[in-house]
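# Structural overview
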Amino acid sequence: MKKIRKFLCATVLSSAMMFSMCACGSDSGSTTAASGGGDNTEAATSAATEAKPSGGTIKVGVVNNPPSESGYREANVKDMEKVFSAENGYELKTAYSLKNDEQLQAAQGFITEGVDYLLISAAETTGWDEVLKKAQESGIKVYLFDRMIDVDENLYEAAVVSDMAKEGQTAVQWLLDQNLPEYKVVHIQGAMGSDAQIGRTGALDEQFASGKMTKVVQQTATWDEAEAKKIVESVINSGEDFNVIYAENDGMAKGAVAALDEAGITHGVDGKVVVMGFDCNKWALRELLDKKWNYDGQCSPFQAQIISDLIKSGNAPSSKKIINEEKGFDAKTITQEDIDTYGLGE
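We now turn to the structure provided with this report. All values reported here derive from a predicted model rather than from experimental measurement.

Okay, the packing of helix α5 (residues 164–177) against helix α6 (residues 195–210) next. Where α5 meets α6, the closest approach of the two axes is 7 Å, and the angle between their N-to-C directions is 35°. The two elements α5 and α6 cross, and the hand of that crossing is right-handed. Contacts between α5 and α6 involve Met164, Ala165, Glu167, Gly168, Gln169, Val172 and Leu176 on the former and, on the latter, Asp195, Ala196, Gly199, Arg200, Ala203, Leu204 and Gln207.

It is worth spelling out the pattern of salt bridges at this point. Per the stated rule, a full pass over the model turns up 16 salt bridges. Across the salt bridge formed by Arg200 and Glu167, the nearest N and O atoms sit 2.9 Å from each other. Remark: Glu167 occurs in helix α5 and Arg200 occurs in helix α6; sequence separation between them is 33 residues. Note on accessibility: Arg200 and Glu167 belong to one class, buried. Glu262 is the partner of Lys229 in a salt bridge, and the nearest nitrogen-oxygen pair spans 3.1 Å. Note that Lys229 is positioned in helix α7 (residues 225–238) and Glu262 in helix α8 (residues 250–263), a separation of 33 residues in sequence. Taking the relative accessible area as the measure of exposure, Glu262 reaches 60% and is therefore exposed. Three or more residues joined by partner-sharing salt bridges are found here, namely Glu69, Arg73, Asp146 and Arg147.

This part takes up a negative patch on the surface. Where like charges cluster on the molecular surface, the negative patch consists of Asp129, Asp150, Asp152 and Glu153. Its place among the elements puts Asp129 in helix α4 (residues 129–137).

If you walk through the whole model with that rule in mind, you get 6 aromatic pairs. With a centroid separation of 4.8 Å and 80° between ring planes, the pair formed by Phe84 and Tyr90 is classed as edge-to-face. Exposure class is identical for Phe84 and Tyr90. Each is buried. Look at Trp174 and Tyr295: their rings are 5.1 Å apart centre to centre, the planes differ by 35°, and that puts the pair in the tilted class.

A sheet is described by the order of its strands in space; here 6 strands give the open sequence β8-β7-β9-β10-β11-β13, paired in mixed fashion. Every interior strand has two partners, whereas the edge strands, β8 (214–220) and β13 (328–330), have only one. Averaged over all neighbouring strand pairs, the angle between strand axes comes to 15°, with direction disregarded. As defined by bridge partners, strand β11 (residues 295–298) adjoins β13 across 3 bridges and the pair is classed as antiparallel. Each residue of the ladder has a partner; that of Gly297, found in β13, is Gly328. The strands that α5 touches are β9 (244–247), β10 (274–279), β11 and β13; relative to β10, the one it contacts most, it runs at about 160°.

Attention now moves to helix α2 (residues 71–83). Helix length check: α2 (13 residues) gives 19 Å between terminal C-alpha atoms against 18 Å at 1.5 Å per residue, within 8%. Of all the 13 residues making up α2, 10 are buried; the element is thus mostly covered by neighbouring parts of the structure. Those residues of α2 not exposed but buried are Tyr72, Arg73, Ala75, Asn76, Val77, Lys78, Asp79, Met80, Glu81 and Val83. For α2, the elements touching its buried residues are β2 (58–64), β3 (90–96), β4 (117–120), β5 (141–146), β10 and α10 (304–313).

On to the nonpolar core, then. One broad rule of soluble globular proteins: the nonpolar side chains tend to lie buried together. Of all hydrophobic cores here, the largest spans 40 residues; its most connected members are Val186, Ile188, Val232, Phe242, Ile245 and Leu260. Among the elements of the structure, β7 (184–189), β8, α7, β9, α8, α9 (282–289) and α11 (336–342) are those that each provide at least two residues to this core. Here this core takes 6 residues from α8, the largest share from any one element. With sequence-adjacent residues up to four places away left out, Phe242 is seen in contact with Lys184, Val186, Val216, Val232, Val235, Ile236, Leu260, Ile265, Lys272 and Val273. With 25 residues, the next largest nonpolar core counts Ala106, Trp128, Val131 and Val161 among its residues.

Conventions used here
Residues numbered from 1 in each chain as written. Predicted model: local features only at pLDDT ≥ 70, side-chain atom pairs only at ≥ 80, totals over all residues. Heavy atoms only, no water. Axes fitted to C-alpha atoms, helices over the stretch in contact; angles between N-to-C directions. Helix = DSSP H or I, 4+ residues; strand = E, 2+ residues; numbered from the N terminus. Left-handed = near helix turned anticlockwise from the far one by under 90°. Contact = heavy atoms within 4.5 Å. Salt bridge = Lys/Arg side-chain N within 4 Å of Asp/Glu carboxyl O. Buried < 20%, exposed > 50% of the residue type's maximum accessible area, 1.4 Å probe, protein only. Patch = residues over 30% accessible without salt bridge, like charges linked within 9 Å, V, L, I, M, F, W, Y side chains within 5 Å. Areas by Shrake-Rupley, 256 points an atom, 1.4 Å probe, with all protein chains shown as cover. Lys, Arg positive; Asp, Glu negative; His and termini not counted. Charge placed at Lys NZ, Arg CZ, Asp CG, Glu CD. Phe/Tyr/Trp six-rings, centres within 6.5 Å; stacked < 30°, edge-to-face > 60°. Pairing = 2+ DSSP bridges. Expected span 1.5 Å × (residues − 1). Core = buried A, V, L, I, M, F, W, Y, C linked by side-chain atoms within 4.5 Å.

Written out as structure tokens, the structure is:
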């Protein structure tokens, strides 16, 4: 991820805090989870009218990570903006930051403004108790999306999320199934303390602790491609041997591979180094199809329509936690159809 940039698509904090204006385009893909790309219909408009607290538009405040974070996040932002549009009966206010304290301030600003619903994808899992309590006291309903946070579940209506721990378990089991003679792993982590980092790290840490895999290096690149490249360059220059790169998103895997290429180290199917990423950007899945990478774990960015349906129904969800269905892809079995169906972006 590039150096943190902050965006704001609506005034959020009544002069307490400003982000630069952002605008995002059309939908970028589909997955097995519900996508927010449906057409506006008469039935949807009627449902939206019933859900309006005061007979007007439904005011929704979204606190999210910036679209520059990754291809996954860009798709997530576009999906939110498409579903929670004026055409669908919403007034959307958005705030983007990778810093938890700035997200907290933005959420407080939305509460002060009096939104009807507050949607949160938190930069970190902790620190949200007081803000969510204030939202509840103000009669504002909260939905979590993409990532869980550490709060009492009574403080939010539902969490529409990926099972990050399962993503990690699926990836690590795939790696174990390769039956390599040894596992010397360069582990490049995402932003520390985020739900995605914690989940994708957990299963690998278990293997390090058991002794089945060797931790050559474990270091955060905070989702950034250039930082990931530096980490791998440092390992190469140290002369320490390794045969697996486990990068917690596609961008960091790309940076790692750039370092391998510059050093003349082979990778992918039949190469010296196994390359693993997450998020399933189309360009990353093409690397699998070309046998240059080995594995990519899916993380669905499409939660908006599920939340909108819950809002418009006016009913409490049957479960507090709604999990997106996801899978992992192997370079030896992936097809162009997989890329067309599950890939994000272009």
